[in-house]
Amino acid sequence: MELNLTRVDYLQVGVTSPRTMRLLPEKKSKAVQKIAVADQTGVLQCFNIKKGEVQTSFKTLPGTKITRLELGGALGSPADRVFIATGSEVKGFTKKGKQFLGYDTNLTESIKTMFVSGSHLFLGGNYIFNHYIDCKDEDYYLCSDRINDMLCLPITKVSPITPVLACQDRVLRVLDKSSMLYEFEVTGPPQSLALFADEGGEEGNEVLYGTTDGKLGLVNLNRSAPSLRWSLPNDKRLGGVLCMDNYDVSGTGVPDLIVGRDDGTVEVYGYDEADEPTLRYSTSLNESISSLQGGVVASTGYDEVVACTYAGWIQGLTTEPQQKRAGPGNTVHMDADTQNKLTGLKTEIDALQAKVLDEREKYHHAATNEKAISAVPHFDVNDKFTLNRDDASYTLSIEVKAAIDNVLLQSNVPVDLLDTEKNSAVVSYSACDTENGNFLLATYRCQANTTRLELKIRSIEGQFGTLQAYITPRLQPKTCQVRQYQIKPLSLHQRTHTLDKSRPMNSLKLSGQFSLAEIHSWVCFCLPEIPDRTPPGDSINFHFLSTFLDTQLDCQYKKGEGIFLSDNISTISILKDVLTKEATKRKINLNISYELNDDSVPDTLRRLHPKLEYQLLLAKKVQLIEALKELQIHEGGSLDFMSPEYRQILDESEQLQEEYKKQPCHLERLYGMITDLFIDKFKFKGANVKTKVPQLLEVLDSYELQNLLDFFESGGA
């Protein structure tokens, strides 16, 4: 069953953090609910909609940035009390706006995540989890990676108390008091958690998760044997999941799953007979969805999804039909309410236009006054730089409350800019002085009212530096913010929790007078997805998978020793060079030893074979398209004389060209990696084979796997 929802705009508040809007429960079913929303200016406000107009119940004064908003109340009664987290303080308000709680936790970290259940308060900073009962410290846990979200399994159903932490290293950590019960690996870095059907299912242990790379899943977190119920891939490459809710929008009697993503997509999933999710509705609000919830807001009896965007827009997707009745001629009949709304809107527009003219005059007067002082307007930027496993590229998303005028990208390392369908900006490239370390200078000029820009970038492993984005919004006076993103030496590696131990591995061993914190900082410099803070414990072990080549890397290190294992010699070579350089900067002597497994190079080449063969075939097909089209025209459009293979190329020409356009340098990158592998193999043996590279390229141009293996074995002799 498809849903038909209509978008309605209610109000704009300040810039919001994720999960800072909730609907207050009402005793009567389908009664109109109030909306509580908090923004980054520190303002908490509660309002309801009456006859299309916003009626404010209460509004607090500006203060410190509010990072989370949750509802709470006594167990068994409606959760109609509003709790907000600001800095290291938690405040509580009644639904009428009276403050009844002001609790300073004295935490060293600012509160990022919060969950309230009865008298239990669960708080999470970047790495530290705290549990309070009646504002008294009960439990504490230090996480080895960043906490993105958390919740507690329902206290009324699950005993003892079981908090669940969603951590950046792709695991859900299930706690028992101040210790970890177990960790459960999920398909990506979990960013958002929600109890299934708001109560965690029949036994209260079913938890929904959404990841930064847009995947969804349902896990059963038993204390003994946790299991994955279902997982949804992100085939359409939509944004990361920022928020989720369970509410019966479709009226089937079963709560639907409502999902809000950071690219502005709102989705409603129903469940089929096998309890598998099926998409029933999808739309885009063009700004990242920081919070959403299902409920009744504008009209009694009409369900809707209320969403709050990063820029502070409170919008509804309502089931209420918005009908217009046409009369004779071009006239449209409107009821009294609609006419009043139109009159109110016209008055508001006139007042705004008068205000704009007045402010323009003031600004012109101040700009021409010699004694006037110009102030740079401040603007918030919501940006993310994340690695996608599917296509081994980085997604850079930039979001500003005001419309973006242009974004200038500059990089001191070679990177490829890839096409993305979500990007409607006009890009222009400028000439670069590569000798002075400037490899990219590109300007994206945005269309009017664009507040969010998404770019795709692919880096080259072994080359590291900084990508800079100069963001200029449409503000007066003109101002610009610079954001920096580190391109790491092994930038295309991604954290994983499982390794294939059957692969032939090469090893690199370092020893010397260095501390655990020092070697951790070196590894953090080399690889993405590693926490800045040194994890607790005497030794650390991380596993990585190359998103481009599917090779693996195992990092084990402790004070005075580090062991790195990989089936790719080039990975070992890059690590050796960079770690040596970092140790030299700190004047630390390193003892370096390595062991090479001769079987690892053929194994890596065989792993590359399907990718290389596919790209060569794709390039060959694209080259043939124009010639085949000319032949088709000469033969008067008839294809009878062509072989089925050529006919298929013509039929699929658009898809082939589209795919080739999306990955313009894929083949060159594969050639480059094979060349590096060849050079690195013989470099470790003390031989310089750079003069043999042209011969290697000839072998690649007339590619046969066995010929390539023979060339590597003989060293081009």
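Cut-offs applied
Residues numbered from 1 in each chain as written. Predicted model: local features only at pLDDT ≥ 70, side-chain atom pairs only at ≥ 80, totals over all residues. Heavy atoms only, no water. Helix = DSSP H or I, 4+ residues; strand = E, 2+ residues; numbered from the N terminus. Buried < 20%, exposed > 50% of the residue type's maximum accessible area, 1.4 Å probe, protein only. Contact = heavy atoms within 4.5 Å. Pairing = 2+ DSSP bridges. Axes fitted to C-alpha atoms, helices over the stretch in contact; angles between N-to-C directions. Salt bridge = Lys/Arg side-chain N within 4 Å of Asp/Glu carboxyl O.

The residue Leu549 is located in the loop between strand 42 (539-546) and strand 43 (552-558) in this model. Exposure remark for Leu549: the relative accessible area of 7% places this residue in the buried category. With residues up to four places along the chain from it excluded, the contact list for Leu549 reads Asn568, Arg607, Leu608, Lys611, Leu670 and Met673.

Moving on: the sheet that holds strand 15 (residues 163-167). Pairing in this open sheet of four strands is antiparallel, and the strands run 14-15-16-17 from one edge to the other. Edge positions in the sheet fall to strand 14 (147-152) and strand 17 (179-185), since each has one partner strand and no second. With direction set aside, neighbouring strand axes in the sheet form an average angle of 25 degrees. Where strand 16 (residues 171-176) meets strand 17, six bridges bridge the pair, whose relative direction is antiparallel. Of the residues in strand 17, the one forming a bridge with Val174 is Tyr182.

Once that is clear, we can look at the sheet that holds strand 32 (residues 393-400). Taken in spatial order, the four strands line up as 31-32-37-34 in an open sheet, and their pairing is antiparallel. Each edge of the sheet is formed by a strand with only one pairing partner; in this case those strands are strand 31 (381-388) and strand 34 (415-418). On average, adjacent strands in this sheet sit at an angle of 25 degrees to one another, irrespective of strand direction. Of the pairings in the sheet, the one linking strand 31 to strand 32 comprises eight bridges and is antiparallel in character. Along strand 32, the bridge assignment pairs Thr386 with Thr395.

Bringing the pattern of salt bridges into the picture now. Taken as a whole, this structure holds 38 salt bridges when the rule is applied. Measuring nitrogen to oxygen at the nearest pair gives 3.9 Å for the salt bridge that ties Lys95 to Asp80. Of this pair, Lys95 sits in the loop between strand 8 (89-93) and strand 9 (99-104) while Asp80 sits in the loop between strand 6 (66-72) and strand 7 (81-86); the two residues are 15 residues apart in sequence, bridging distant segments of the chain. Using a relative accessible area of 40% as the deciding quantity, one classes Lys95 as partly exposed. A salt bridge links Arg474 to Asp405; the shortest N-O distance between them is 3.6 Å. Taken together, the residues Arg474 in the loop between strand 38 (465-473) and strand 39 (481-487) and Asp405 in strand 33 (residues 404-411) connect sequence positions 69 residues apart.

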